[in-house]
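Each chain is listed here by its residues.
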Amino acid sequence: MFDQEGKRYLDMFAGIVTVSLGHSHPRIVEAITRQASTLMHTAPMYANNEVAQYAEELLQRFPDHLDTVFFANSGSEANDLALRLARMYTGNYTIMSVRHGYHGMSGLTTALTATEGWKHNLPEPFGIERSLCPDTYKGAFTGDDAIAKYLKDFREVVNTQTSGSLAGFICEPVQGVGGCVNIPDDYLQKVYEITRQAGGVCISDEVQTGFHRTGSNFCGFQLKGVTPDIVVCAKAIANGMPLAAVITRKEIADSVVKNTLNTFGGNPIASAVGREVLKIIDDENIAQNVQEVGEYLTEGILYLKDKYEIIGDVRGAGLMIGVELVTNRETKDPNLTALLNIFERTKDLGLLIGKTQNVFRIKPPLIVNKRDCDFAVDVLDKAFAEEQEGLLKWF
């Protein structure tokens, strides 16, 4: 990427985890141009070849029971629809989520979002309850019995803050905005069980974790050994074009008995790009690249952790990596000043990364190579060294 003065940057945040195949991939550009010259838009009640073929091709990436798809424009819209589907199908109302999750900025999904800095001084819809985030690094519970305690908290919220009947549970397999907290497998498996016992369905928010972001699996839920009833995808789905998808079972989809549509959801151009994204994933061996380069990049960042005491934790999966900065590894107090100083310095040195509170979010395009990773680690190394020496004074 280049700024207005021609300075070059390496984007290791992928436009907020969106341009999964890089900026201006020639095949994406060609797909947009080709479709724009054929059919740009049609009312959603009139089928077009692109959306019909894309729906079929996308569903092939999911387990057989997930056989129906709705299209929308964004992750917020798609999560909003997923919640409505859960409520209509079950006849229940309460949705459970976990703290520090991010699920969008629509009127309904802001109530689900429970991340510092993303809550506004406005009333929110009722019927949303949140349990503790099962963060085994710095959460409420750590140690060998942490998962059991987090599960106890989940049960207590269901038993004391709800009627005992749930519409659903929604969770990111690896939290995005919440700082790359990797939700433990055994926690998620048990919560799915509890949710279903309470009459609810399980929703996997794959807006950031889908399309091989976390490794060789197409979606993050496959890492966890769980089988969701509804899956929500966006961001990487169309490499920056406005597109999102809600994938579910036919019987859940059939609970929509009145009109529902999205004017631009699955429009011909976005659908054409979505189809091309799937082809590129296969043709360029993206899954293998994420697995191999993700391990390589993680090794480089772990080298920095060994070198700099302010790095308290390195976590995530695939090319979804969180680097948490602390003032002290024992107390784990957040080191916001260091994070902001290093964030500005890396930008000056030509590296773009993301941040949430005291956590760096490193989530590059999935086509990133080892040379790119070497540059990123070298820049971070320089910035951390300058911070350690007291040379960075932005904040």
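The rules behind each value
- Residues numbered from 1 in each chain as written.
- Predicted model: local features only at pLDDT ≥ 70, side-chain atom pairs only at ≥ 80, totals over all residues.
- Heavy atoms only, no water.
- Axes fitted to C-alpha atoms, helices over the stretch in contact; angles between N-to-C directions.
- Helix = DSSP H or I, 4+ residues; strand = E, 2+ residues; numbered from the N terminus.
- Parallel < 35°, antiparallel > 145°, perpendicular 65-115°, else oblique.
- Left-handed = near helix turned anticlockwise from the far one by under 90°.
- Contact = heavy atoms within 4.5 Å.
- Nonpolar A, V, L, I, M, F, W, Y, C, P; charged D, E, K, R; others polar.
- Pairing = 2+ DSSP bridges.
- Patch = residues over 30% accessible without salt bridge, like charges linked within 9 Å, V, L, I, M, F, W, Y side chains within 5 Å.
- Areas by Shrake-Rupley, 256 points an atom, 1.4 Å probe, with all protein chains shown as cover.
- Salt bridge = Lys/Arg side-chain N within 4 Å of Asp/Glu carboxyl O.
- Buried < 20%, exposed > 50% of the residue type's maximum accessible area, 1.4 Å probe, protein only.

K.L.:
Please explain the packing of helix α11 (residues 286-307) against helix α13 (residues 370-388) as it appears in this structure.
P.N.:
For any two helices packed against each other, one specifies the inter-axial angle together with the distance between the axes. Their axes nearest at 10 Å, the elements α11 and α13 cross at an angle of 15°. Our classification of the angle between α11 and α13 gives roughly parallel. Seen along the crossing, α11 lies across α13 with a hand that is right-handed. Contact with α11, carried on its side by Val293, Tyr296, Leu297, Gly300, Ile301, Tyr303, Leu304 and Lys307, involves Lys370, Cys373, Asp374, Val377, Leu380, Asp381 and Gln388 of α13 and no other residues of that element. Considered class by class, the residues forming the contact of α11 with α13 number 9 nonpolar, 2 polar and 4 charged.

K.L.:
I'm lost on the sheet that holds strand β9 (residues 311-317) in this one. Help?
P.N.:
Either a parallel or an antiparallel arrangement is found when strands of a sheet pair, and the pairing is made through backbone hydrogen bonds. The 4 strands lie next to each other as β9-β10-β13-β12, forming an open sheet whose pairing is antiparallel. Edge positions in the sheet fall to β9 and β12 (354-356), since each of these pairs with one other strand and no more. When the angles between neighbouring strand axes are averaged without regard to direction, this sheet yields 25°. In this structure, strand β10 (residues 320-325) lies alongside strand β13 (residues 359-362), joined through 4 bridges in antiparallel fashion. Looking across to β13, one finds that Gly322 is bridged to Arg361.

K.L.:
Can you help me understand the sheet that holds strand β2 (residues 68-72) in this one?
P.N.:
A sheet is described by the order of its strands in space; here 7 strands give the open sequence β2-β8-β7-β6-β5-β3-β4, paired in mixed fashion. The sheet is open, and its two edges are formed by β2 and β4 (128-131), each paired on a single side. Neighbour to neighbour, the strand axes of the sheet diverge by 20° on average, direction disregarded. Relative to strand β5 (residues 168-171), strand β3 (residues 95-98) runs parallel, the two being bridged by 2 bridges. The residue of β5 that forms the bridge with Met96 is Phe169. Running at roughly 150° to β4, helix α6 (residues 146-161) makes contact with β3, β4 and β5 of the sheet.

K.L.:
What am I meant to see in a nonpolar patch on the surface here?
P.N.:
Together, Met45, Tyr46 and Leu261 line one region of the surface with nonpolar side chains, adding up to about 380 Å² of accessible area. Structurally, Leu261 is set in the loop between α9 (250-253) and α10 (268-283).

K.L.:
Honestly, the environment of Asn48 in this entry has me stumped. Any pointers?
P.N.:
Along the polypeptide, Asn48 turns up in the loop between α2 (26-36) and α3 (49-59). Taking relative accessible area as the criterion, Asn48 reaches 10% and is therefore assigned buried. Residues Asn48 and Ser271, spaced 223 residues apart in sequence, show a C-alpha to C-alpha distance of 9.8 Å. When near neighbours in sequence (up to four residues on either side) are disregarded, Asn48 contacts Leu39, Thr42, Gly266 and Pro268.

K.L.:
Any chance you could explain the environment of Leu59 here in plain terms?
P.N.:
As for its position among the elements, Leu59 is in helix α3. Considering only alpha carbons, one finds Leu59 and Ile247, 188 residues apart in sequence, at a separation of 7.7 Å. The residues contacting Leu59, other than those within four sequence positions of it, are Leu66, Asp67, Thr68, Val69 and Ile247.

K.L.:
Looking at this model, I keep getting lost on unusual backbone geometry. Mind explaining?
P.N.:
Most peptide bonds take the trans form, and the phi angle of most residues other than glycine is negative. One non-glycine residue with positive phi stands out, namely His212, at about 70°. By the secondary structure assignment, His212 is in the loop between β6 (201-205) and α8 (221-224). On the basis of relative accessibility, which here comes to 7%, the residue His212 falls in the buried class. The backbone phi angle of Lys235 is positive, close to 50°, even though this residue is not glycine. The exposure class assigned to Lys235 is partly exposed, which follows from its relative accessible area of 23%.

These figures come from the coordinates and say nothing about function on their own.
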